[in-house]
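Overview (structure and organization)
So you can see what is in the structure, the chains are spelled out below.
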Amino acid sequence: MKPLLQSETFVRIAAPLAVGVALLAVWEIGCRLGSIPVYLFPKPSDILASLIKNGPSLLRALLITLRITLQAFAAAVVLGTLIAFMFVQSRAVEVSLFPYAVLLQVTPIVAIAPLIIILVKNTQLSLTVCATLVALFPIISNTTLGLRSVDPGLASYFRMNRASRLKTLVRLRIPSALPYFFGGLRISSGLALIGAVVAEFVAGTGGRSSGLAYEILDAGFQLDIPRMFAALFLITITGVFLFGAMVGLSNLALSNWHESQIGTEA
């Protein structure tokens with residue numbers, strides 16, 4: 001069984017890599033055959049050369065964007081989990097406040113980011129606030145759904161034994177909610193990165209940000225298209241890394257006991 005599982009894992013990793021390499025080869029060959037100018041659409045080799053040439057500045061910008069993303073993601077996880085706990089303890093509180101969480105989700109961050117940046121004097125803090133607002137809703141929604149998705153028989157058993165709300169929360173609701181919670185983490189991690197980049201775009205127009213979004217803006221102003229694509233590549237790789245980290249964390253937490261993971265290993 002283990003060799004089969006290992007071969008399936010290898011296929012899952014190797015197949016996307018093979019497709020990616022094939023797409024890059026088609027991209028490179030197509031640009032060369034079509035003699036497409038580098039300022040219109042650079043080849044992968046041009047992007048790689050720019051990535052090497054501008055490596056220090058791009059890496060510095062990546063670290064700034066990643067720091068904002070991780071800070072916003074951590075804040076969203078803490079706030080979203082606490083709000084979900086509050087919702088599940090009182091239906092009246094959930095009915096009263098959940099529409100405001102939905103309002104935050106559907107309001108474009110581009111529209112409110114300038115206001116937040118003006119009100120919050122510290123630029124890094126304002127960017128973190130913007131990214132947190134974007135990443136908050138999936139944590140609230142998924143965790144609340146998970147905390148309410150308990151087995152009715154087990155819930156009746158806890159009530160029959162006069163279990164307190166705290167004991168029911170810790171021993172029943174939280175274990176039942178973990179798959180939903182980790183699903184929210186996978187979504188929220190990517191949204192935190194998106195929120196950070198969008199907020200940097202807004203702040204970067206005034207020259208007050210030095211993250212990857214500002215690198216993209218600066219490269220666009222200078223018509224340095226390979227550097228722009230190199231910054232976009234780093235953003236993409238960061239998003240993939242964050243998603244993969246959340247998937248690994250979910251597998252690590254659920255693999256030994258939850259049926260969603262045990263079923264995949266059978």
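Residues numbered from 1 in each chain as written. Predicted model: local features only at pLDDT ≥ 70, side-chain atom pairs only at ≥ 80, totals over all residues. Heavy atoms only, no water.

1. Things to note about the packing of aromatic side chains
In plain terms, the rule: Any pair of Phe, Tyr and Trp rings, taking the six-membered ring for Trp, is counted once the centres come within 6.5 Å. Such a pair is stacked with planes under 30 degrees apart, edge-to-face with planes over 60 apart, and tilted for the rest. Each helix is a run of DSSP H or I of at least 4 residues and each strand a run of E of at least 2, with the numbering of both proceeding from the N terminus. Relative accessibility under 20% of the residue-type maximum defines a buried residue, over 50% an exposed one, and the middle range a partly exposed one, all with a 1.4 Å probe and only protein chains included.
Taken as a whole and judged by the stated rule, the model has six aromatic pairs. Look at Phe 87 and Phe 98: their rings are 6.0 Å apart centre to centre, the planes differ by 65°, and that puts the pair in the edge-to-face class. Within this pair, whereas Phe 87 is found in helix α3 (residues 55-89), its partner Phe 98 is found in helix α4 (residues 91-106), the two being separated by eleven residues in sequence. Note on Phe 87: relative accessible area 2%, which makes it buried. Judged by centre distance (5.9 Å) and plane angle (50°), the rings of Phe 98 and Phe 137 are tilted. Separated by 39 residues along the polypeptide, Phe 98 in helix α4 and Phe 137 in helix α6 (residues 123-148) bring together distant segments of the chain. Look at Phe 137 and you get buried, because its relative accessible area is 17%. Here the aromatic cluster, defined as three or more aromatic residues joined through ring pairs, consists of Trp 27, Phe 41 and Phe 229.

2. Quick word on the environment of Arg 165
Assignment of secondary structure puts Arg 165 in helix α8 (residues 165-204). It is 8.1 Å that separates the C-alpha atoms of Arg 165 and Gln 89, two residues lying 76 residues apart in sequence.

3. Focus on the nonpolar core
To keep things clear, this is the line we draw: Buried Ala, Val, Leu, Ile, Met, Phe, Trp, Tyr and Cys residues that are joined via side-chain atoms within 4.5 Å together make up what is termed a nonpolar core.
Core analysis: the biggest nonpolar cluster contains 17 residues, and Leu 58, Leu 212 and Ile 235 have the highest contact counts within it. Elements supplying a minimum of two residues to this core: α3, α8, α9 (212-221) and α10 (225-254). By residue number, the principal contributor to this core is α10, which donates seven residues. Counting residues in hydrophobic clusters, the runner-up holds 16 residues, among them Phe 87, Ala 135, Leu 185 and Ala 192.

4. A word on the packing of α3 against α6
The angle between the axes and the distance between the axes are what describe a pair of packed helices. Note the following rule: Geometry is summarised by axes, namely lines fitted to C-alpha atoms with helices restricted to the contacting stretch, and by angles between N-to-C directions that run from 0 to 180 degrees. Throughout, a crossing is termed right-handed when the near helix is turned clockwise from the far one, and left-handed when it is turned anticlockwise from it by less than a right angle. Gly is placed with the polar residues, together with every amino acid not listed as nonpolar (Ala, Val, Leu, Ile, Met, Phe, Trp, Tyr, Cys and Pro) or charged (Asp, Glu, Lys and Arg).
Running from amino to carboxyl end, α3 crosses α6 at an angle of 40°, the nearest separation of the two axes being 6 Å. Considering only the axes of α3 and α6, their crossing is right-handed. Here the residues of the contact of α3 with α6 sort into 19 nonpolar, eight polar and two charged.

5. Re the environment of Arg 148
Heads up, the rule is: Note on contacts: a residue pair is in contact if any heavy atoms of the two residues lie within 4.5 Å. Between N or O atoms, a polar contact is any pair within 3.5 Å; within protein, one atom must be a potential hydrogen donor and the other a potential acceptor, and residues adjacent in sequence are included only when both atoms are from side chains.
With respect to the secondary-structure elements, Arg 148 resides in helix α6. Sequence separation between Arg 148 and Ala 177 is 29 residues, and the spatial gap between their C-alpha atoms is 7.8 Å. Each residue touching Arg 148, except ones within four places of it in the same chain, is listed here: Phe 87, Val 88, Arg 91, Glu 94 and Arg 173. Engagement of the side chain of Arg 148 in a polar contact is seen with the backbone oxygen of Phe 87, the distance being 2.9 Å.

6. Notes on the UniProt feature "transmembrane region" (unreviewed entry) in the chain
Note the following rule: UniProt positions are given in the numbering used here, feature names are shortened, and annotations may be inferred rather than shown by experiment.
As annotated by UniProt and renumbered to match this structure, "transmembrane region" (unreviewed entry) occupies residues 13-41, 62-88, 100-120, 127-147, 187-207 and 228-249. A helix fraction of 100% and a strand fraction of 0% characterise residues 62-88, whose end C-alpha atoms lie 38 Å from each other. Annotated as residues 228-249, this span is 100% helix and 0% strand, and its ends, taken at the C-alpha atoms, are 32 Å apart.

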